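This is what each chain is made of:
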Amino acid sequence: MAPPTILVVDDDISVRTIVSAMLEPAGYEPVLASSAEEAIARLKDGLKPRLILSDIVMTGMTGLALLDHVRERHAEIPIVMVSGVSDVAVAIGTLRNGAYDYLLKPFERDQLLGTVLRALEYRALVEQNNVYRTHLEELVAARTEMLNSAIGDLERSYDITLEALGDALDLKDTETEGHSRRVTAYTIALARAMQLPPQEIRTMARGAFLHDVGKMAIPDAILLKPGRLTKDEQDTMREHCERGYQMLRKIPYLREASEIVYSHQEHFNGSGYPRGLRGDEIPLGARIFAVADALDAITSDRPYRSATSFATARKEIRKNTGTQFDPQVVDVFLQMPDRVWEDLRAEIQGEAQKFNPFSLGAVKHLLPRKDARPATDGILKTMPVTKKSTALDVEALKRAIAKLPGWHVDRGTLTRTFSFPNFMEALAFVQSLGVEAEQEQHHPDLDIRYSKVTVSLVTHDAGGITAKDLAMAETADSLATPLNGK
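Quick look at the structure, then. As the structure is a computational prediction, the values presented were derived from the model and not from experiment. (Residues numbered from 1 in each chain as written. Predicted model: local features only at pLDDT ≥ 70, side-chain atom pairs only at ≥ 80, totals over all residues. Heavy atoms only, no water.)

Moving on, we get to the pairing of strand β4 (residues 79-83). With 5 of 5 residues buried, β4 lies mostly within the body of the structure. Neither face of β4 is open: one carries Ile79, Met81 and Ser83, the other Val80 and Val82, and all of them are buried. One ladder, built from 4 bridges, connects strand β3 (residues 51-55) with β4; its direction is parallel. From the neighbouring strand, Ile52 faces β4, where its bridge partner is Ile79. Between β3 and its parallel partner β4, the chain crosses via helix α3 (residues 63-73), and the hand of that crossover is right-handed. Here 4 bridges tie β4 to strand β5 (residues 101-104), and the two strands are oriented parallel to one another. Following the sheet pairing, Met81 is matched in β5 by Tyr102. Taken together, β4, helix α4 (residues 88-96) and β5 constitute a β-α-β crossover, and its handedness is right-handed. (Buried < 20%, exposed > 50% of the residue type's maximum accessible area, 1.4 Å probe, protein only. Helix = DSSP H or I, 4+ residues; strand = E, 2+ residues; numbered from the N terminus. Pairing = 2+ DSSP bridges. Right-handed = clockwise from strand over helix to strand, strands pointing away.)

So this is what it looks like as structure tokens:
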């Protein structure tokens, strides 16, 4: 092993010679510098001393300036300051500025070697601590990754189990087969439009999917009865809310979701069951689910009636605003086009075996943008009033469109069709553009057909296409890019 290198800095050649003579026999390799400038040059040339011994008062740059340089650029090198002035204030000042120790000239050989040894041991200890800390950080990072992976695996295992439970209920109650998956998807879409946090949406999704789990405890004679239920049988059937709640509330993973299960039959005006909750007493997830549940019930076949259209469901839900449904949730629902629900239902039915209501692949695509306007109580209520703009003349419009590849004028509107890899990313684009449009007080016409979205822009009160429409076109382009829209 090479002997430790010690940089000795002093403008007095006799001092450099004496210090060198003391260090070499002790197994050190002294490197001599006649000034602070020379010492800095040697460091820049690649010299890596284990320790620096420097005089304080020197011609040109002082030892204190050298100390500042070393602390700033070579903090790992301990530096011992040497001075012929017996001044306690100077000694304290050097230590406060980062020097390891202070030697007063003249010093004895043992005094010098003792100081050098302590300084080198200090550096070795610091290096060992750095290695240990780095190793510890790597170990913690690795363990954290393993823990997160284990938690993720556990959560997926939970979800697979719960999905199987939901499938078992569908098999038992074939009249509503697929209902749980559809209302889960509708609940997610509504919660997205309301800009709720991802974790809340996951909780709502689990509550929506498991809302009828309590029916597993209802006797088949009642659950599968083809005719009208008696009063006693109705009372027994209504117990499924509390039974489902009791089944899930003891599972920490599902404690919050169990509240949605417990409350999913409550009505906004307090006329529901089992507790007669009203208004904000009902968990928000249950209020959102109520709209999603009604939407699916109205648009699905039942033994006693045929399915009706989403437009009819929209009218029915609007009619029951404030009685059965939360008006704020309904406001958001009414702003969403029927095409969203039609395509979402079609995709779920077409991918029935692939759609996992708990992994929620749609979550990462449908999250509101971080710069989206915060909603009041998590709910977007109304669109702001649009300010009037001036329509562009023909030449100005041509110049502007030339800078917007893919856009063209179609029947008086600025139009472009975007293509996405799948429906969920197309829906994500529509959701994000809707948020931006609300911020800019704009009302684009959006037509979503599975993986294609057609955006049409025109400012009606201006009688044509305006600069505001051009800005919204640029926004649409920027939002489509991260989602691979073309």
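Glancing now at the nonpolar core. Considering soluble globular proteins, one finds that nonpolar side chains tend to be buried as a cluster. One finds Trp341, Trp407, Leu414 and Phe429 to be the most contacted residues of the largest nonpolar core, which totals 62 residues. Each residue touching Leu414, except ones within four places of it in the same chain, is listed here: Ile401, Leu404, Trp407, His408, Val455, Ser456, Leu457, Ile465, Asp469, Leu470 and Ala473. Counting residues in each nonpolar core, the second largest holds 20 residues, with Leu7, Met58, Ile77 and Ala99 among its members. (Core = buried A, V, L, I, M, F, W, Y, C linked by side-chain atoms within 4.5 Å. Contact = heavy atoms within 4.5 Å.)

Once the charged atoms of two side chains with opposite charge are near each other, the side chains can pair. In the structure shown here, the tally under the stated rule is 21 salt bridges. Among the ionic pairs, Asp101 bridges to Arg118, the shortest N-O distance being 3.6 Å. With a gap of 17 residues between them, Asp101 in strand β5 and Arg118 in helix α5 (residues 109-172) connect regions that are remote in the sequence. Taking the shortest distance from any N to any O, the salt bridge between Arg411 and Asp410 comes out at 3.7 Å. In this structure Arg411 comes out as exposed when scored by relative accessible area, which is 78%. Through salt bridges that share partners, Asp10, Asp55 and Lys105 make up one connected network. (Salt bridge = Lys/Arg side-chain N within 4 Å of Asp/Glu carboxyl O.)

Here we come to the sheet that holds strand β6 (residues 408-410). The strand order across the open sheet built from 4 strands is β6-β7-β9-β8, with neighbouring strands paired in antiparallel fashion. Edge positions in the open sheet fall to β6 and β8 (445-449), since each of these has one partner strand only. With strand direction ignored, the average angle separating the axes of adjacent strands in the sheet is 30°. As paired elements, β8 and strand β9 (residues 452-457) share 5 bridges and run antiparallel to each other. Counterpart to Asp445 in the pairing with β9 is Ser456. Docked against the sheet, helix α19 (residues 467-480) engages β7 (413-419) and β9, running at close to 5° with respect to β7. (Axes fitted to C-alpha atoms, helices over the stretch in contact; angles between N-to-C directions.)

Honestly, it's all geometry; don't read function into it.
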